[in-house]
Amino acid sequence: MSISLIQKYNVPGPRYTSYPTVPYWEENLFSLEQWKNTFIKSFNESNASEGISLYIHLPFCESMCTFCGCNKRITKNHEVENPYILAVLKEWNLYCDLLPNKPIIKEIHLGGGTPTFFSPENLETLINGIFTRAIKAKEHEFSFEGHPNNTTRRHLQSLYDLGFRRVSFGVQDYSSKVQTAIHRIQPFHNVAKVTFWAKEIGYTSIGHDLIFGLPFQTLNDVIDTIDKTKSLSPDRLAFYSYAHVPWIKGNGQRGFKGEDLPKDDEKRQLYEAGKNRLSQNNYHEIGMDHFALETDSMYDSFQKGNLHRNFMGYTSSKTQLMIGLGVSSISDSWYSFAQNEKTIEDYYKRLDANELPVFRGHILNDEDLIIRKHILNLMCQFETSWKNDSDFFPELPEIINQLHEMETDGLVKISRKSIQVTEKGKPFVRNICMAFDLRLKRNLPQTELFSMTV
């Protein structure tokens with residue numbers, strides 16, 4: 001990849017798990033009642049035809065990983081498990097009380113934090129509690145994030161028995177120097193053990209999460225990590241760019257110095273080398289930062305144009321309504337977003353008052369809905385079109401003009417009714433989406449909000 005292109009396009013930018021992005025939500029125009037109304041509207045439109053998704057945030061970790069940007073609570077006190085499970089189930093019941101009939105759940109994802117901080121018994125209580133007021137869709141996909149150091153065979157078996165067939169393990173990098181720097185000591189043996197257990201039990205999609213751009217990480221580290229990963233043959237991989245955003249996440253990301261991180265062109269070389277190695281090992285690029293074997297359901301979804309992206313990341317199929325349960329979780333009704341209280345204390349306080357623990361959100365206007373669709377198309381299929389009048393908006397010609405420079409650089413192909421991201425342009429898909437982001441253009445941030453795009 002051209003160093004000049006990296007220097008040109010390496011700017012702060014969103015990762016577009018939503019549009020508008022969270023810093024551009026119009027919180028002053030949002031109310032809990034509006035959220036409830038759009039929630040019920042979306043449920044009535046989609047429950048019978050496609051079902052709904054649940055994201056459940058389980059925030060506890062026993063130790064701090066200094067690369068992590070997630071909302072978490074560090075503790076070794078496992079007595080926190082049961083009260084939290086009861087709170088999540090209370091939140092779920094408050095949502096179910098609003099609905100005319102039982103929800104059909106197509107997707108569940110347990111994220112964190114560390115979901116496997118919780119005992120198998122408490123995870124069983126959680127999932128069984130969810131289904132006292134819900135129906136499991138015939139074609140469902142339930143997944144969870146497992147920490148290789150504390151995921152037991154009992155965890156894997158219990159969740160499998162509850163319908164989970166997909167698990168992702170956070171690997172990051174196998175270099176001992178890198179692991180020490182990010183405070184995530186995790187031997188290859190631990191990852192191999194849980195991966196083989198998952199295969200033996202019958203999980204149909206096993207994922208490993210890798211990160212490039214970590215402190216002290218070298219080209220040899222990335223190649224060694226991918227080669228070790230290939231020896232375990234996970235079905236899909238996330239190969240993320242490390243997002244260094246200490247101004248947002250505080251001292252938790254200051255376990256190393258800025259000069260310890262690979263710089264722009266060096267960091268991109270790590271990505272290019274890793275991507276080439278993955279391609280040699282039959283992993284296909286699907287969406288931003290994600291790769292899969294041809295036998296994985298996500299590859300099939302990408303080929304068929306069914307890939308979807310929301311606050312859970314990439315998913316194999318679309319659901320219009322996603323409910324986020326737990327502290328800091330974000331819900332999406334397609335017409336609006338709603339985020340839960342960010343501290344466990346405030347989350348519990350709202351639930352004790354029998355209120356949904358939502359503290360902010362955004363109601364999408366007509367322009368938002370059109371732009372959201374275009375950005376979603378670019379992120380999931382590397383192309384978008386405006387063949388229908390409903391996909392057009394007044395600023396589109398101006399956006400097309402702005403993209404001509406990217407076309408000159410070989411990043412996109414522009415036709416009369418569509419834009420297609422080229423192979424050369426895929427690493428810059430965030431930049432391409434930014435051309436559509438009218439809220440960002442109209443109000444450029446005066447402070448650091450986003451990680452770098454490269």
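To be clear, the structure that these remarks concern was listed above.
This report concerns the structure included in the present document. Keep in mind the model is a prediction, meaning the values are calculated, not measured.

## So, the sheet that holds strand 19 (residues 418-421)
1) Next: Taken in spatial order, the three strands line up as 17-19-18 in an open sheet, and their pairing is antiparallel. The two strands at the open ends of the sheet, each matched to only one other strand, are strand 17 (383-385) and strand 18 (412-414). Taken pair by pair, the neighbouring strands of this sheet meet at an average axis angle of 10 degrees, ignoring direction.
2) Next: Of the strand pairs in this sheet, strand 18 and strand 19 are connected by three bridges, and their pairing is antiparallel.

## Brief notes about unusual backbone geometry
1) Next: The omega torsion across Tyr 19 and Pro 20 is -5 degrees, close enough to zero to call that bond cis.
2) Next: Mapped onto the secondary structure, Pro 20 falls in the loop between helix 1 (3-9) and helix 2 (32-50).
3) Next: Between Gly 112 and Gly 113 the backbone carries a cis peptide bond, its omega angle lying at 15 degrees.
4) Next: Turning to its location among the elements, Gly 113 is positioned in the loop between strand 4 (104-112) and helix 4 (120-130).
5) Next: Residue Phe 382 is not a glycine yet carries a positive backbone phi of 60 degrees.
6) Next: Mapped onto the fold, Phe 382 is located in the loop between helix 13 (366-381) and strand 17.

## What about the pattern of salt bridges?
1) Next: For the structure shown, the criterion picks out 25 salt bridges.
2) Next: One salt bridge connects Glu 124 with Arg 154, and the closest N-O pair in it is separated by 3.2 Å. Here Glu 124 is found in helix 4, whereas its partner Arg 154 is found in helix 5 (residues 153-161), with 30 residues between them in sequence.
3) Next: Residue class for Glu 124 comes out partly exposed when judged on its relative accessible area of 22%.
4) Next: Notably, a salt bridge pairs Asp 227 with Arg 277, separated by 2.8 Å at the nearest N-O pair. Of this pair, Asp 227 sits in helix 8 (residues 219-232) while Arg 277 sits in helix 10 (residues 264-280), placing them 50 residues apart in sequence.
5) Next: Judged by its relative accessible area of 32%, Asp 227 is partly exposed.
6) Next: Residue Arg 277 is classed as partly exposed on the basis of its relative accessible area, which comes to 27%.
7) Next: Where salt bridges share partners, they join Lys 275, Glu 285, Glu 423 and Lys 426 into one cluster.

The rules we used
Residues numbered from 1 in each chain as written. Predicted model: local features only at pLDDT ≥ 70, side-chain atom pairs only at ≥ 80, totals over all residues. Heavy atoms only, no water. Pairing = 2+ DSSP bridges. Helix = DSSP H or I, 4+ residues; strand = E, 2+ residues; numbered from the N terminus. Axes fitted to C-alpha atoms, helices over the stretch in contact; angles between N-to-C directions. Salt bridge = Lys/Arg side-chain N within 4 Å of Asp/Glu carboxyl O. Buried < 20%, exposed > 50% of the residue type's maximum accessible area, 1.4 Å probe, protein only.

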